[in-house]
Amino acid sequence: MTETEQPPALPSTQSAELQRYERLLAEAEQIQGISLWRDAWRRLRKNRVAMISLGYLIVLSLLAVLTPLLPLQPPRQQITKLAFQAPTASPLFIREYKIAENEPAENPDEPLPTQAKIDADGFGPLNWFDRSLLAARRAIFGEWCFNSICGRDRLGRDLFARLFWGARVSLLVGLVATLVALVIGVSYGAIAGYLGGRVDNVMMRIVDVMYSIPFIFVVIFIISILNTEDVKALMAKWGIDRLTVFFLVVGAIFWLTMARVVRGQVVSLRNEQFVEAARVIGASRRRIIFRHVVPNLLSVVIVYLTLTIPQVMLFEAFLSFLGLGVERPDVSWGLLANEGVEVITPVRTVWWMVVYPGLALAMTLFALNFLGDGLRDALDPRMKNR
Amino acid sequence: MLLEVEDLRVSFQTDHGLVRAVDGISFSLDRGETLGIVGESGSGKSVTNLAILGLIPQPPGRIESGRANFRGQNLLTLPRRELQKIRGNRIAMIFQDPMTSLNPFLTIAQQLTEVTMLHRGWKYKQALDHAVEMLERVGIPAASRRVNDYPYQFSGGMRQRVMIAMALSCQPDLLIADEPTTALDVTIQAQILELIQQLQKEEGTAVILITHDLGVVANVCRRVNVMYAGRFVEEADVDALFAQPRHPYTLGLLNSLPRLDEQRGARLDPIAGQPPDLTNIPPGCVFHPRCPFRIDRCPQEVPALTERIDHRRYACFVDVQHQARVAVKENG
Amino acid sequence: MGWFIIKRLGWMLLTLWVVYSVSFVLMRSVPGSPLSAERKVSPEIEQNLKRRYRLDQPLGVQYWDDLRRIVPHGDLGASLKIQDFSVNEIIAQGFPVSASLGILALAFALTLGLTAGIISAVRRGSLADFSMMTIATIGIALPNFVIAGIVIILFVFLWPLFPPGGWGRISNIILPAFCLGAPYAAYIARLTRTGMLDVLSQDYIRTAFAKGLSERTVILRHALRGALLPVVSFLGPAIAGVLTGSLVVEKIFGIPGLGVHFVNAALQLDYPLAMGLVLLYTTLLYVMNLLVDLSYAILDPRVKLH
């Protein structure tokens, strides 16, 4: 009891051993691991094209969200006498055209412009958020707005404004439909890959069979069903618009590839040595899933996401061409481009109606493709140091 | 001299900066001689030899300086067409991984015959006969039948034999074997080494054997160069090197090797620290951060690889043998 | 290999049956009748018409009757909308047109895509690489009809080299084939480049260079085959894609192929025609994928068919 607490003295050989291990430990601590994401971000930052693309996409998305705030002409305002006006940039700014002879008087008590006034101005139906942006715009810019620097269409509507309003729809379609595809595809693929065996086999056979169904037909059928009056009325009652259905339909088509990709990744991860290694050193199931499986899956999913959005946007354009896409008077880039193609005649070349929407689409898809490629290079460890 | 390499410097432009993979290397080789180059992975052994054959992709690689005289021609400045006449013909190469070094899409016959058809101008029939003969010589059973197989139908050891047959089919003056046994099982390793030695004897081919395995060197070579971080640190006859290593790095390598004549339970002594970051080579002697015999001079001055009184060549300021003896005495 | 083909054909029949059933259900669940869509007819006539096309039968009976007619003879029935034509006749007329357009487009896409891809990969990082890949990315990023629109403005109106539309002469087919093939050329170029870069970094390419082979021989003999594999597997779906892409191009250039029928049949509820086209498409896709797998096995000796 009187003995003082003292650590037992180590035999000298053991202490040498201990020192050795301490040295090794200190050395090991100096080696810094870089996380996958930090490393990927570092590499992505070095990729100039990908960074420019990323910047462009961020700016574009911001502008799309804030479109009502921008000094643009009303996108639905028809000025028939100016139909097919060629692009003009002098002067750069003009005052908005007024068509309504007797404008409704401004009510000072009303903080936001009324829907009736907005309709008369040619903006179309707007939600609360857009209306407040529009009010802010009126306060900042008054009635000044950009001249028709991209020309005017068949009905004298300003193409430049319509491109911005179209961006909102096009980007939304691309993003939401892709997310729908993502949710379906990831769940399906992950389940198939995780369960494996017979279930996996059956699930993947179903995907195979679905692959060989010409989905263009499916979409055309579904959309024609939706176009009939009865169904339209029914949907209106439930508060579903065509855009929502469009998201679902397109998402339901594009999930197939995602499911295959995710399943393949899950299967290979299950057999991967580092997962085995983690299991051997006693990592919990949770830790394995969140530290090892999810990050690896996530990188594939992100890359696929950036590469699917362009496909969906192209598909939307294709449907717009067939008259099955976004419904007028809503606009999307695909619809605008199609309007341009429709007015091609030997008599006059309204080139701006094809070129500008095409350019908008091309630049965005360009950026998405480059960003996707950049992300893939940045996230694929095999590409390291190449 | 068959091959004389002088002051070869090769660098690579990478994400992390300029990597000096080979930093001023000189060596020479006689006809029929076998030279070993030993070093850790990443020390620049392979780059040295790829550079000699002009196989460094440029960019990102760059040959900054040096000469490689082969039978009177400087390989580093030779026009591409001339160099192609030497590759596979006068200088042949075999690589580390026989699983990936053969083209999986072509039959063995196609891959073997194209060498002799190109360099000797033979017709296919003659080239095929020669290919079968070569395969028989490297010990492929039923060669005349198997010559029509694809690489995936062969085992790793057999593929390396095929590689050797391919490399030797034009009776080259020099064979560069880049880690020829690393990817193989131990029993197969011995067979392959034996095969290389036997063919070398028959053909009088000089061999540069690149390896990280001192055991392989001890078996095959007469002369050895020890390479560290893009430089040669010691050059010696095999026996001398094993008996009395003069450079601390060589000593470290030998100490980290298990030996049959040592007591059971004796501990292996790994070299402390990490191989240097080649984008940021330490000043002075490259090895000094890891060196147990370090003196003040080491970080300031690069020791030259010079011939010493005892006819040994090594790049170190310290008499390692003496120091080691002192250390042993002190520890009692 | 024979067993492999038989198995695949078995899967094809199963798929065709699934596609048939799904399409049947989908088409019949579209409200409205194909016969009353545009012109008002008296109930009597409508009854007669329905009887003639057997649309008055219960759905189950129609399902089996159609199936029994299609399966042994390949008889797809009569079109409801195009008077006096059977679906087989419509396909026989339109398919050669669409097919020749498609084949020309693919041939063009392959030639251009492979050349550009190989050059880009071999001269990686050069100006040629950069500009070709930029053009390729534009090709992928532009919808078919926008390319068509720009091409028409340029080469029909501004610089009248080609007629705006029509069919029958060589000059009629060049612009449409270009528009149809352009995105595929772009895609193939990118695939080839990636595949080529992948292969060029392989050890066996280094071996080939070490043998003293010229760059040309190494690329054409040693690298190309491996680089082609991704392109080959892309070709299966691409051929199907060319078919649907021709929907747009045929419409713009007024080409009497199958493309127009594709959409119209669905929109006008021409059940037999729509069904015929769907089945044709599925069969085509399957056969193409089968061919792709077979050529894969020829290209890569390691691939075993089973």
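Residues numbered from 1 in each chain as written. Chains lettered and ligands numbered in written order. Predicted model: local features only at pLDDT ≥ 70, side-chain atom pairs only at ≥ 80, totals over all residues.

> I'd like to hear about the overall build of chain A, residue by residue, with values.
Helix and strand counts for chain A come out as 14 helices and 2 strands. Expressed as a percentage of the 386 residues in chain A, the buried residues total 37%. A separation threshold of at least 6 residues defines the contact pool for chain A, and within that pool the share at least 24 residues apart is 76%. (Helix = DSSP H or I, 4+ residues; strand = E, 2+ residues; numbered from the N terminus. Buried ≥ 20, exposed ≤ 12 C-beta atoms within 10 Å, placed from the backbone. Contact = placed C-beta atoms within 7 Å.)

> Residue-level account of the sheet that holds strand S7 (residues 174-178) of chain B, with values.
All names here are of chain B. One open sheet holds the 8 strands; their spatial order is S6-S7-S8-S3-S9-S10-S12-S11, and the pairing between them is mixed. Edge positions in the open sheet fall to strand S6 (91-94) and strand S11 (306-307), since each of these has one partner strand only. Strand direction decides the pairing type here: strand S3 (residues 34-38) and strand S8 (residues 206-211), joined by 5 bridges, are parallel. Considered in S8, the bridge of Leu 35 is made with Ile 208. Where helix H1 (residues 45-52) meets the sheet, it contacts S3, S7, S8 and strand S9 (223-228), and its direction lies at approximately 145° from that of S8. (Pairing = 2+ DSSP bridges. Axes fitted to C-alpha atoms, helices over the stretch in contact; angles between N-to-C directions.)

> Any chance you could break down the interface of chain B and chain C for me, citing the residues and the numbers?
The interface of chain B with chain C comprises 22 residues on the first partner and 18 residues on the second. Elements supplying a minimum of two residues to the side of chain B that touches chain C: helix H2 (80-86), helix H3 (98-101) and helix H4 (108-119) of chain B. Residue composition of the side of chain B that touches chain C, grouped by class: 11 nonpolar, 7 polar and 4 charged. (Nonpolar A, V, L, I, M, F, W, Y, C, P; charged D, E, K, R; others polar.)

> Got a sec to walk through the packing of helix H5 (residues 127-141) of chain C against helix H7 (residues 170-200) of chain C? Specific residues and values, please.
All names here are of chain C. Running from amino to carboxyl end, H5 crosses H7 at an angle of 130°, the nearest separation of the two axes being 8 Å. One finds that H5 runs oblique with respect to H7. When the axes of H5 and H7 are compared, the crossing they make is left-handed. In this structure, H5 contributes Met 132, Met 133, Ala 136, Gly 139 and Ile 140 to the contact, and H7 contributes Ala 182, Pro 183, Ala 185, Ala 186, Tyr 187, Ala 189, Arg 190 and Arg 193. (Parallel < 35°, antiparallel > 145°, perpendicular 65-115°, else oblique. Left-handed = near helix turned anticlockwise from the far one by under 90°.)

> An account of the interface of chain C and chain A is requested, with residue identities and associated values reported.
Between chain C and chain A, the residue contacts involve 37 residues of the former and 37 residues of the latter. Residue assignment for the side of chain C that touches chain A shows that the elements contributing at least two residues are helix H1 (2-28), H5, helix H6 (144-158), helix H9 (215-253), helix H10 (259-267) and helix H11 (271-299) of chain C. The dominant element in the side of chain C that touches chain A, judged by the number of residues it contributes, is H6 of chain C, at 9 residues.

> Quick rundown of the pairing of S8 of chain B? Include the residues and the values.
Residue and element names in this part refer to chain B. Most of S8 is tucked away: 6 of the 6 residues are buried. Alternating positions in S8 separate into two faces, Ala 206, Ile 208 and Ile 210 on one and Val 207, Leu 209 and Thr 211 on the other, with burial throughout. Pairing of S7 with S8 involves 5 bridges; the strand directions are parallel. Looking across to S8, one finds that Leu 174 is bridged to Ala 206. As a crossover connection, the stretch from S7 through helix H8 (residues 186-203) into S8 is right-handed. (Right-handed = clockwise from strand over helix to strand, strands pointing away.)

> Mind laying out the confidence of the model for chain A, listing which residues take part and the relevant values?
Residues and elements named next belong to chain A. Residues at a pLDDT of 70 or more form 83% of chain A, whose mean pLDDT is 77. Ranking the helices and strands of chain A by mean pLDDT puts helix H3 (residues 48-65) first, with 92, and helix H4 (residues 115-121) last, with 64. In this model residues 100-106 is a low-confidence stretch, pLDDT under 50, and it forms 4 contacts with partners more than four residues away in sequence or in other chains. (pLDDT = per-residue confidence, 0-100.)

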